[in-house]
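If you want the building blocks of each chain, they are given just below.
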Amino acid sequence: MADMDNKDQAEMDPADMEDVEEVEEEETGGDENSKARQLTVQMMQNPQILAALQERLDGLNGSPSGYMESLPKVVKRRVNALKNLQVKCAHIEAKFYEEVHELERKYAALYQPLFDKRSDIVKAAYEPTDEECEWKADEEEELTDEMKEKAKLEEEKKDEEKEDPKGIPEFWLTVFKNVDLLSDMLQEHDEPILKHLQDIKVKFSDPGQPMSFTLEFHFEPNDFFTNTVLTKTYKMRSEPDENDPFSFDGPEIMCCTGCTIDWTKGKNVTLKTIKKKQKHKGRGTVRTVTKTVPNDSFFNFFTPPEVPENGELDEDSEAVLAADFEIGHFIRERIVPRAVLYFTGEAIEDDDDDYDEEGEEADDEEGEEEADEENDPDYDPKV
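Residues numbered from 1 in each chain as written. Predicted model: local features only at pLDDT ≥ 70, side-chain atom pairs only at ≥ 80, totals over all residues. Heavy atoms only, no water.

## Re the overall build of the protein chain
For the protein chain, the count of helices and strands is 14 helices and six strands. Looking at the 383 residues of the protein chain, the share that counts as buried comes to 26%. Residue pairs at least 24 apart in sequence account for 57% of intrachain contacts in the protein chain once pairs closer than 6 positions are excluded. As displayed, the protein chain has an accessible area near 27,900 Å², and 48% of this comes from carbon and sulfur atoms. (Helix = DSSP H or I, 4+ residues; strand = E, 2+ residues; numbered from the N terminus. Buried < 20%, exposed > 50% of the residue type's maximum accessible area, 1.4 Å probe, protein only. Contact = heavy atoms within 4.5 Å. Areas by Shrake-Rupley, 256 points an atom, 1.4 Å probe, with all protein chains shown as cover.)

Right under this line is the structure:
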């Protein structure tokens, strides 16, 4: 750094150096930190100095040190040997993730009976016992016996005033609406359909088959389509790219396939009909033309862009697929295993707490900086 400063100073005009020296002479009796700040400000306002610094920085950004190029050939050969070892490490890492996938598949079978019971409660196929419904509240939320009795009577009164609901109404719709990543996909016309969603399941590929997972959306009979299950399959790869093995960082989703939705006539929310008026150039007559065009909907999730054999996609399709992969991964990793916590909002609160803590730390740091600046007698807010 000292070398760069010397070179930059050498490239300054003599007049510029005189300006800097004058500042130093004026500040000799002051605080050392104040001198440094004033000197920096003076230098940063000089376009020639800034240009010299920028030129040096442009040469440093993202550039190797040059040490590799200076090595003898025999040492470079040994470095190549290290790189070959690194490729072998990447292949071992790929095997590790394949075994992780097998473990996920094994434990998915252990989770499934619990998820099936959850589904039965949601769709009113099973009524949980009093013992299963007991939940110990946090200490700060515990109520006295008198308050509990009063709350119980109020609940019973409300239940008498309205119909007895079956299961947990709108369970999955509420989950979707509570999660920003999913609620952004929802349109108003999707909600009546998603009220019929009874369960979401994750199915992993069978042993010995290429790595993949399938999301199954189970619906009760409804007026919108005849399917009882809508599926979305994600195919993954867990092996280093031969052309770029060092970029391997675990399994990646390569492509996804949806399913055909058998819409009831007039109920397809992924399409809309628009009317356009067209004027005849010669006769001047006007006619109305009806066209069917794509419509925004959550159910477009089941018709992702197809990846061509050469793997090349336009920017829009790449963006859609990137978002699609993120959503599929999130549903598999977070939504299905922790659905009740997203329904109640507790999972969202945990996420928000994490962000709030980071925000508070950042705010504290900014506050400290502002306080330091205000206490500095030489601080000029205009600079």
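## With respect to the sheet that holds strand β3 (residues 229-237)
The strand order β1-β2-β3-β4 describes an open sheet built from four strands, whose pairing is antiparallel. Since the sheet does not close on itself, it has two edges, and those belong to β1 (197-204) and β4 (252-257), each with one partner. Put simply, the sheet's adjacent strands are angled 20° from each other on average, direction ignored. Note: strand β2 (residues 212-219) against β3, seven bridges, orientation antiparallel. Within β3, the position partnered with Phe217 by the bridge is Leu230. Across the face of the sheet, helix α6 (residues 73-122) comes into contact with β1, β2 and β3 while running at roughly 165° to β1. (Pairing = 2+ DSSP bridges. Axes fitted to C-alpha atoms, helices over the stretch in contact; angles between N-to-C directions.)

## Describing unusual backbone geometry
The backbone of Ala124 sits at a positive phi, close to 70°, despite the residue not being glycine. Take Ala124: it is sitting in the loop between α6 and α7 (130-133). Even without a glycine there, the phi angle at Glu170 is positive, about 55°. Counting through the fold element by element, Glu170 comes out in the loop between α8 (145-161) and α9 (171-178).

## Some remarks on the nonpolar core
Counting 49 residues, the largest nonpolar core has Phe176, Phe217, Phe298, Phe299, Phe301 and Ile331 as the members making the most contacts within it. Apart from the residues within four sequence positions on either side, Phe217 is in contact with Phe176, Leu197, Asp199, Ile200, Thr228, Val229, Leu230, Phe298, Phe301, Phe302 and Ile331. (Core = buried A, V, L, I, M, F, W, Y, C linked by side-chain atoms within 4.5 Å.)

## Thoughts on a negative patch on the surface
A contiguous patch of negative charge, built from Glu239, Asp241, Glu242 and Asp244, is present on the exposed surface. Secondary-structure assignment places Glu239 in the loop between β3 and β4. (Patch = residues over 30% accessible without salt bridge, like charges linked within 9 Å, V, L, I, M, F, W, Y side chains within 5 Å. Salt bridge = Lys/Arg side-chain N within 4 Å of Asp/Glu carboxyl O. Lys, Arg positive; Asp, Glu negative; His and termini not counted. Charge placed at Lys NZ, Arg CZ, Asp CG, Glu CD.)

## Focus on the pattern of salt bridges
For the structure shown, the criterion picks out ten salt bridges. Of the charged contacts in the structure, one is a salt bridge between Lys203 and Glu216, with a shortest N-O distance of 3.7 Å. Of the two residues, Lys203 is situated in strand β1 and Glu216 in strand β2; the sequence distance between them amounts to 13 residues. Relative accessible area serves as the criterion here: at 38%, Lys203 is assigned to the partly exposed category. What you see here is one network of salt bridges that share partners, running through Glu104, Arg332 and Glu333.

## What about the confidence of the model for the protein chain?
Mean pLDDT for the protein chain: 78, with 67% of residues reaching 70 or above. For residues 1-30, every residue scores under 50 in pLDDT, and the model assigns this stretch 25 contacts once sequence neighbours within four places are set aside. (pLDDT = per-residue confidence, 0-100.)

## Digging into the pairing of strand β5 (residues 271-279)
Taken together, the nine bridges between β5 and strand β6 (residues 286-294) define a ladder with antiparallel strand orientation. Each residue of the ladder has a partner; that of Lys276, found in β6, is Val289. In this antiparallel pair of consecutive strands, β5 and β6, the connection spans six residues, and Gly284 shows a positive phi of 80°.

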